[in-house]
Amino acid sequence: QAFKAKDNSNGFTYRKVSHGKYTGPKEKATFVTLARNEDLYSLLGSIASVEDRFNSKFQYDWVFLNDVEFSEEFKRVTTAMVSGTTKYGLVPAEHWSYPSWIDQDRAAKVREQMREDQIIYGDSLPYRHMCRFESGFFYRHELLDDYDWYWRVEPDTRIYCDVDYDIFKFMKDNGKKYAFTISLREYEATIKTLWDTTKEFMDKNPSLLHPNNMLDFISDDNGASYNLCHFWSNFEVGWLDLWRGPAYSAYFDYLDKAGGFFYERWGDAPVHTIGAALFLDRSEIHHFGDIGYYHVPFHSCPIDESVRLNNRCNCNPNDDFTWKGYSCTSQFYTVANLEKPKGWQKFAD
Ligand code: GDP
Ligand code: MN
């Protein structure tokens, strides 16, 4: 039964949101979510938001991954929420455990020290398995073999604006292979030797670097040091072959052998960022400034009112993090030679 305006009892006029379904050709693309069974209800709001704003129109698949079997409840409830086909995969044990070359006592001592130093997640072994898995293994899961593109979604996140175009087709048609919404600076204490290890890798494998890479996004001194800038990986849209290809594969293996996922607390966000910055053409990295996004504690909210009105964004531009000093997105626009939205300085502090 169609909803008619002004037919409600309290006299307000409601506008029925059109969820016209797109039925043309689609990309080989999927959402991908790593989650625990107990994340179900915090994940549901994220899925509802992505479905309401985007996917109900396109019905892309959704792959869920977990290091233990998903519960029947998790599968039932998420399948009801997703408009596309849902798939549930178990992470193989070798993708979620210590590799043979890691000294487990040394790793445990590091966690103890980081607990004393109160480094966020510094005392957690599962968090390290998660970061290593997202860095080097999610794209190798057999459920992802069917796809070229992914969009990563985490619990407790939100999309703030309507997305009326096919994000994946946009990526393909515009020559984009990695896209982000929020960027910021990493806690140095979690990645003390990541850049030195990366430099060793670059010295040994100069031919793997893209000749038109974006080193100037992650380093302010032509590679001598890392400026800690990274794309926040809880939201990512990307081309799976970026990670599956020889350059990133060699890079991940090199990092994994160095042991920093366990002896430090290397995050998948800086690792992906360095990979994208070094192995892609700089024009292949995209900032989605039009869809709005939230993951505690940062909001991305388009500061241009016409964008918010056109896309029905439900966010407050005063909360926007994009142009603030601790964000790296302003630097991204500078090095990518992009025009910043008018008045961005007003949102800078
Ligand atoms: P934060 O965003 O860095 O605070 O980390 P989260 O707690 O959000 O974890 C990142 C992602 O990994 C989320 O999608 C979590 O659901 C997932 N995750 C974290 N730890 C585990 C775990 O031990 N097992 C599984 N299956 N998923 C996890
Ligand atoms: Mn998270």
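Residues numbered from 1 in each chain as written. Chains lettered and ligands numbered in written order. Predicted model: local features only at pLDDT ≥ 70, side-chain atom pairs only at ≥ 80, totals over all residues. Heavy atoms only, no water.

I keep staring at the site of ligand 1 and nothing clicks. Help me out?
Taken together, 14 residues surround ligand 1, and among them Leu34, Asp39, Asp67, Tyr121 and Tyr127 come closest. A distance of 3.0 Å separates an oxygen atom of ligand 1 from a polar side-chain atom of Glu154. Contact with the protein chains removes 84% of the 560 Å² of surface that ligand 1 exposes when unbound. The leading source of residues in the shell around ligand 1 is helix 4 (residues 125–136), at three residues. The residue inventory of the shell around ligand 1, partitioned by class, reads eight nonpolar, two polar and four charged. Split by domain, the residues of the shell around ligand 1 number at least three in each of domain 1 (28–90 + 137–152) and domain 2 (92–124 + 160–349). (Near = heavy atom within 4 Å. Polar contact = N/O pair within 3.5 Å; in protein donor to acceptor, adjacent residues only side chain to side chain. Areas by Shrake-Rupley, 256 points an atom, 1.4 Å probe, with all protein chains shown as cover. Helix = DSSP H or I, 4+ residues; strand = E, 2+ residues; numbered from the N terminus. Nonpolar A, V, L, I, M, F, W, Y, C, P; charged D, E, K, R; others polar. Domains from an automatic or database assignment.)

Hey, could you run me through helix 3 (residues 104–116) in this one?
What sets the pattern is the α-helix's 3.6 residues per turn: residues three or four places apart point alike. For helix 3, built from 13 residues, the straight-helix expectation of 18 Å at 1.5 Å per residue is met to within 8% by its first-to-last C-alpha distance of 19 Å. Those residues of helix 3 that fall on the buried side of the exposure criterion are Ala107, Val110, Arg111 and Met114. Each buried residue of helix 3 lies within a common arc of 100° when the element is viewed along its axis, so the set occupies one face. Residues Asp105, Lys109 and Glu116 are exposed on helix 3 and point more than 90 degrees away from its buried face. Buried residues belonging to helix 3 abut helix 4 and helix 10 (260–263). (Expected span 1.5 Å × (residues − 1). Buried < 20%, exposed > 50% of the residue type's maximum accessible area, 1.4 Å probe, protein only. Arc of directions from axis to C-beta. Contact = heavy atoms within 4.5 Å.)

Got a minute to help me understand the domain arrangement of the protein chain in this structure?
The figure often quoted for interface size is the accessible area lost as the parts come together. Taken domain by domain, the protein chain holds domain 1 (28–90 + 137–152) and domain 2 (92–124 + 160–349). Each of domain 1 and domain 2 has a C-alpha centre, and these two points are 22 Å apart. Summed over both partners, the interface of domain 1 with domain 2 comes to about 2,700 Å²; 59% of that surface belongs to carbon and sulfur atoms. The interface formed by domain 1 and domain 2 includes three salt bridges. A salt bridge links Arg53 to Asp162; the shortest N-O distance between them is 2.7 Å. At the boundary of domain 1 with domain 2, the tally comes to 19 residue pairs in polar contact (both at pLDDT 80 or more). (Buried area = accessible area lost by both parts, 1.4 Å probe. Salt bridge = Lys/Arg side-chain N within 4 Å of Asp/Glu carboxyl O.)

Explanation requested: the sheet that holds strand 2 (residues 61–66) in the structure shown.
Pairing between the strands of a sheet is mediated by backbone hydrogen bonds and can be parallel or antiparallel. Reading across the sheet, the seven strands line up as 3-2-1-4-9-6-10 and stay open at both edges, with mixed pairing between neighbours. The two strands at the open ends of the sheet, each matched to only one other strand, are strand 3 (86–90) and strand 10 (285–287). Adjacent strand axes in the sheet meet at a mean angle of 20°, parallel and antiparallel pairs treated alike. Sheet strands in contact with helix 2 (residues 72–81) are strand 2 and strand 3, and its direction is about 150° off that of strand 3. (Pairing = 2+ DSSP bridges. Axes fitted to C-alpha atoms, helices over the stretch in contact; angles between N-to-C directions.)

Whenever I open this one, the packing of aromatic side chains confuses me. Can you help?
The geometry of an aromatic ring pair is captured by the separation of the ring centres together with the interplanar angle, meaning the angle of the planes. Considering all chains together, one arrives at 51 aromatic pairs under this definition. Relative to Tyr333, the ring of Phe332 lies with its centre 6.1 Å away and its plane at 70°, an arrangement referred to as edge-to-face. You'll find Phe332 and Tyr333 in the same group, each marked buried. Across from the ring centre of Tyr263, 3.6 Å away, lies the NZ or CZ of Arg106, which sits over that ring. (Phe/Tyr/Trp six-rings, centres within 6.5 Å; stacked < 30°, edge-to-face > 60°. Lys NZ or Arg CZ within 6 Å of the ring centre and 35° of its normal.)

I'm lost on the coordination of the manganese ion (ligand 2) in this one. Help?
Geometry sets the ideal angles at a metal, namely 109.5 degrees for four tetrahedral donors and 90 or 180 degrees for six octahedral donors. Distances from the manganese ion (ligand 2) to its protein donors, Glu154 (OE) and His295 (NE2), fall within 1.9 to 2.2 Å. Of this pair, Glu154 sits in the loop between strand 4 (149–152) and strand 5 (157–159) while His295 sits in strand 11 (residues 293–295), placing them 141 residues apart in sequence. Residue classification places His295 among the buried positions, given a relative accessible area of 15%. (Donors = N, O, S within 2.8 Å, 3.2 Å for Na, K, Ca; no water.)

Explanation requested: the pattern of salt bridges in the structure shown.
One side chain can pair with another of opposite charge once the charged atoms of both are near each other. Applying the stated criterion across every chain, the model contains 18 salt bridges. Notably, a salt bridge pairs Arg312 with Asp162, separated by 3.0 Å at the nearest N-O pair. Of this pair, Arg312 sits in the loop between helix 12 (305–310) and helix 13 (329–335) while Asp162 is found in the loop between strand 5 and helix 5 (167–173), placing the two residues 150 residues apart along the sequence. By relative accessible area, Arg312 is classed as partly exposed at 33%. Two residues, Lys177 and Glu284, come together in a salt bridge whose shortest N-O distance is 3.2 Å. With Lys177 in the loop between helix 5 and strand 6 (178–180) and Glu284 in the loop between helix 11 (268–279) and strand 10, this residue pair connects regions lying 107 residues apart in the sequence. When salt bridges that share partners are traced, they join Glu134, Arg152, Glu154 and Asp268 into one network.

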